[in-house]
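Commentary on secondary and tertiary structure
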Amino acid sequence: MLSRRLVKSTPTLRTMSYIPKNRLDGKVAVVTASTDGIGFAIAKRLAQEGAKVVISSRKQKNVDCAVEELKGQRLDVAGFVCHVGKEEDRKNLMQCANQTFGGIDILVSNAAANPAVGGVLDCEEAAWDKIFDTNVKASYLIAKEALPYIRKRGGGSIVFVSSIAGFQPFGLLGAYSVSKTALLGLTKAAAQQLSTECINVNCIAPGIIQTKFSAALTESPTAQEATLSQIPMGRLGEVDDISGVAAFLVSDDARYITGETIVAAGGMASRL
Ligand code: NAP
């Protein structure tokens, strides 16, 4: 099996969590960018709670590896390549999910890009376009693509993955932070539009979670110390600090919640 190692974890105060086994029975979930990091943890958690889950990302070998790992845990998953920036891939993902599992109830839109480091007004136009195309435009387009299938089921859930940086911009991730703020608006507007159709639209804003994406903030002792000084709880986040929030938001336990963003960031400053 191919190796999918995450960066080393810091110790946590609470290591055991209860996973409701049947909360998502009968549901089909599509999770984008789900062969590693937060997306993979969300896909795994939704499947552990009883959903049939479609995994996806850009690279076939990553899809194969993630599917193999979760099938090895007797979870009901399938996987397809989907670069969220490609129209054909988005369409194909929904069609394949529908054909494989007979419908779609849940979309978790998790993909993001960050090709630029620096202040927002130092961002080159090409980098700005890439960030907004992947983080904002592709999120709206993938939701549009999933919507007819979710409507066909008579209701369901959409979750966007934003960031704590969407509330409190990171100085060196200027454009990325603005793109993540835009997702808070997309969540509210889509929730409003779909509120009478039993389709809940919510958002998660993770803090600094140990994945490849955040490696620059966590890998060296100096970077880690600076990062930890921003987190009141005194530890970096782990992918499972986010996966349980996603499972809650797509479950019936969250049926009266729509248009909201849940911050899971160890107490980091989090309001606009
Ligand atoms: P990650 O560990 O680097 O995982 C990235 C995943 O996305 C991989 O499965 C990758 O697989 C896939 N991917 C990348 N670009 C893609 C694209 N254009 N289309 C489809 N799949 C793509 O990242 P992560 O830290 O879990 O981040 C996931 C989400 O959480 C992002 O939206 C990020 O902004 C957000 N977030 C992360 C943190 C953090 O501290 N880690 C904090 C706040 C918010 P392939 O290479 O095969 O495509």
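Everything here concerns the structure above.
All values derive from a computational prediction rather than experimental measurement.

Turning our eyes to something else, we now look at the packing of aromatic side chains. Between two aromatic rings, the relevant description is the distance of the centres plus the angle of the planes. Scanning the model with the defined rule gives 2 aromatic pairs in all. Geometrically, the ring pair formed by Tyr 176 and Phe 213 is tilted, given 5.7 Å between the ring centres and 45 degrees between the ring planes. Of this pair, Tyr 176 sits in helix H5 (residues 174–194) while Phe 213 sits in the loop between strand S6 (199–206) and helix H6 (215–218), and the two are 37 residues apart along the sequence. Overall, Tyr 176 belongs to the buried group, its relative accessible area being 7%. The exposure class of Phe 213 is partly exposed, given its relative accessible area of 49%.

What surrounds the ligand is a group of 28 residues, the closest being Thr 35, Ser 57, Arg 58, Tyr 176 and Thr 211. The contact in question runs from an oxygen atom of the ligand to an N or O atom on the side chain of Arg 58, over 2.7 Å. At a separation of 3.0 Å, an oxygen atom of the ligand approaches a polar side-chain atom of Lys 59. With the chains in place, 92% of the 890 Å² that the ligand exposes on its own is no longer accessible. Placement of the ligand is best described as lying within the largest pocket. Among the elements of the structure, helix H1 (37–48) and H5 are those that each provide at least two residues to the shell around the ligand. Its residues assigned to classes, the shell around the ligand shows 12 nonpolar, 11 polar and 5 charged.

This brings us to the packing of H1 against helix H8 (residues 240–249). The contact between H1 and H8 brings their axes to 8 Å, and the two run at 50 degrees. What the angle tells us is that H1 and H8 run oblique. Handedness of the crossing formed by H1 with H8: right-handed. Only Asp 240, Ile 242, Ser 243, Gly 244, Ala 246 and Ala 247 of H8 make contact with H1, whose side of the interface consists of Ile 38, Ala 41, Ile 42, Arg 45 and Leu 46. In terms of residue class, the contact of H1 with H8 is made up of 7 nonpolar, 2 polar and 2 charged.

Quick notes on the rules
Residues numbered from 1 in each chain as written. Predicted model: local features only at pLDDT ≥ 70, side-chain atom pairs only at ≥ 80, totals over all residues. Heavy atoms only, no water. Phe/Tyr/Trp six-rings, centres within 6.5 Å; stacked < 30°, edge-to-face > 60°. Helix = DSSP H or I, 4+ residues; strand = E, 2+ residues; numbered from the N terminus. Buried < 20%, exposed > 50% of the residue type's maximum accessible area, 1.4 Å probe, protein only. Near = heavy atom within 4 Å. Polar contact = N/O pair within 3.5 Å; in protein donor to acceptor, adjacent residues only side chain to side chain. Areas by Shrake-Rupley, 256 points an atom, 1.4 Å probe, with all protein chains shown as cover. 1 Å grid on protein atoms, 1.4 Å probe; cavity = no way out; pocket = protein on both sides within 12 Å on 5 of 7 lines; lining within 4 Å. Sits in = over half its atoms within 2 Å of the grid points. Nonpolar A, V, L, I, M, F, W, Y, C, P; charged D, E, K, R; others polar. Axes fitted to C-alpha atoms, helices over the stretch in contact; angles between N-to-C directions. Parallel < 35°, antiparallel > 145°, perpendicular 65-115°, else oblique. Left-handed = near helix turned anticlockwise from the far one by under 90°. Contact = heavy atoms within 4.5 Å.

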